[in-house]
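Structural overview for review
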Amino acid sequence: MMQARKDAAILGGGLVGLIQALALARHGLSCTVIERSDMQAMRNPAGDGRASALASTSWQLLANLGLADALAPSICPIERISVCEALKPGALDFAAEGGSIDTEPHAGGYMGVMIANDALRAALFEAVCAQPLIEVLAGASAEDWNIDDHGVTIGLGDGRKVTASLLISAEGRNSRVRERAGIAMTHWRYDQGAMTGTIDLEQPHDFAAFEIFYCDGPLAILPLLDDQGQPKRASFVWTVPQDRLEAMLALSDRAFAAHIEKAMGGFLGKIAPVSPRSGFPLGLHQAASLTAQRVALVGDAGHGIHPIAGQGLNLGLRDAAALAEVLGDGVLLGLDAGDAQLLARYERWRAMDIGMMTMATDGLVRLFGVPGKTASAVRRFGMSLVEKSPAAKRFFIAEARGESGELPRLLQPAL
């Protein structure tokens, strides 16, 4: 059975895929989302304790897509970011002045917000289902597809066919679309793994995020609200040597709490794990191109970076907003959504941001991985210079909030 032709077909109904669909609809384009998970799993995703840090412009994107009111009860603002090396003197402190985000969840300006992934995905799914320009095929798998000069035809496992002008891969790092399109990949693994989870705190975090750099890898403590709405819960991302990851995951809650309290220096008091811990190896990958004939890559399908700066999802959301704007503007001019000129513009727009963020995160991993007292002293001296320079701090705050470069309209205030 052949479906009505859409402007785009999106493979992958994760966070980036669903936001891509909503961004396309906001620009007046139709799409079909093809996702292996069934309808029930998408509507009520299982919580695994993972949360995402959204830069202020990423939150602005969600607000412009009409999700601010639905998500406001689930978010925790990040008003300040504190960075230090191994709890030694010379910390960097970044605080945003003046909010640039609609529906302020807390008084004062802030750098971004934290939100649990399951809450975000559930709200996105409800918004997608309510949008008439979006068709959701849950519990469906793309078994094969054909791309030619005239469009894309996707064959599903149940015999249905989806036709579109453009195929968008939001499948994640193991993108079959990217592989079939023959897009080369640069990739390597760090000798590190990341451990994530949720903890309760004895002392309030006061809406601050903390990044503590150790030679083995950074420990990020990211603010959340507890079940009573108090600032005494946090998400953590702890980078450890790969050969220690399994042992750390196997620790009892009591032993793990003792380890993380020591790494945090006890500044937030006693720690109590709330969620199971999960872990995964860390690597870097980047596609040689984000596009091919009638194909576009977004999010992890096109690039993956170290979580050292918490910017992976934000990078993918900027992909989605930029692609939607390029396609929307092109279709208004009478072009087909899969037109090579539009895909070339998307490629050019995203190349600098992705390249700079990839180099920056990789550079930080290598910089703070150099052992020794001399290296530590040099790093802390550099941090002290940044702390004393208002211009340098404004630059890093703009980067953290995602405000650098040419922003898609969906990432700008008050559309």
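In this text, all values refer to a predicted model and were calculated from it rather than measured experimentally.

**Here's the deal with the overall build of the protein**
Assigned secondary structure in the protein consists of 12 helices and 20 strands. Its C-alpha atoms give the protein a radius of gyration of 21 Å, near enough to 22 Å, the size a compact globule of 415 residues would have. Relative to its full complement of 415 residues, the protein shows a buried share of 53%. In the protein, the share of contacts with a sequence separation of at least 24, taken over all contacts with a separation of at least 6, comes to 74%. For the protein, the exposed surface amounts to about 17500 Å²; the carbon and sulfur share of it is 54%. If you average the places of the 37 positive and of the 46 negative side-chain charges in the protein, the two averages end up 4 Å apart.

**Focus: the layout of surface pockets**
The computed volume of the second largest pocket comes to approximately 370 Å³. Ala-116, Thr-198, Leu-224, Leu-225 and Arg-233 are, among the 22 residues lining the second largest pocket, the residues nearest its centre. Mapped onto the lining of the second largest pocket, the elements with two or more residues apiece are strand 4 (75-78) and helix 5 (117-129). For the lining of the second largest pocket, the per-class residue count stands at 10 nonpolar, six polar and six charged.

**Some words on the packing of helix 1 (residues 15-26) against helix 9 (residues 312-332)**
At a closest axis distance of 9 Å, the pairing of helix 1 and helix 9 adopts a crossing angle of 25 degrees. Considering their axes alone, helix 1 and helix 9 lie roughly parallel with respect to each other. Considering only the axes of helix 1 and helix 9, their crossing is right-handed. Taken together, the residues of helix 9 that come into contact with helix 1 (itself represented by Leu-15, Val-16, Ile-19, Gln-20, Ala-23 and Leu-24) are Leu-313, Gly-316, Leu-317, Asp-319, Ala-320, Leu-323, Ala-324 and Leu-327.

**Section: the environment of Ala-53**
For Ala-53, the location among the structural elements is in strand 3 (residues 51-55). Residues Ala-53 and Val-113 lie 60 residues apart in sequence; the distance between their C-alpha atoms is 5.9 Å.

Parameters at a glance
- Residues numbered from 1 in each chain as written.
- Predicted model: local features only at pLDDT ≥ 70, side-chain atom pairs only at ≥ 80, totals over all residues.
- Heavy atoms only, no water.
- Helix = DSSP H or I, 4+ residues; strand = E, 2+ residues; numbered from the N terminus.
- Rg over C-alpha atoms; globule rule 2.2 N^0.38 Å.
- Buried < 20%, exposed > 50% of the residue type's maximum accessible area, 1.4 Å probe, protein only.
- Contact = heavy atoms within 4.5 Å.
- Areas by Shrake-Rupley, 256 points an atom, 1.4 Å probe, with all protein chains shown as cover.
- Lys, Arg positive; Asp, Glu negative; His and termini not counted.
- Charge placed at Lys NZ, Arg CZ, Asp CG, Glu CD.
- 1 Å grid on protein atoms, 1.4 Å probe; cavity = no way out; pocket = protein on both sides within 12 Å on 5 of 7 lines; lining within 4 Å.
- Points joined across faces, edges and corners; volume = space filled by probe spheres on them.
- Nonpolar A, V, L, I, M, F, W, Y, C, P; charged D, E, K, R; others polar.
- Axes fitted to C-alpha atoms, helices over the stretch in contact; angles between N-to-C directions.
- Parallel < 35°, antiparallel > 145°, perpendicular 65-115°, else oblique.
- Left-handed = near helix turned anticlockwise from the far one by under 90°.

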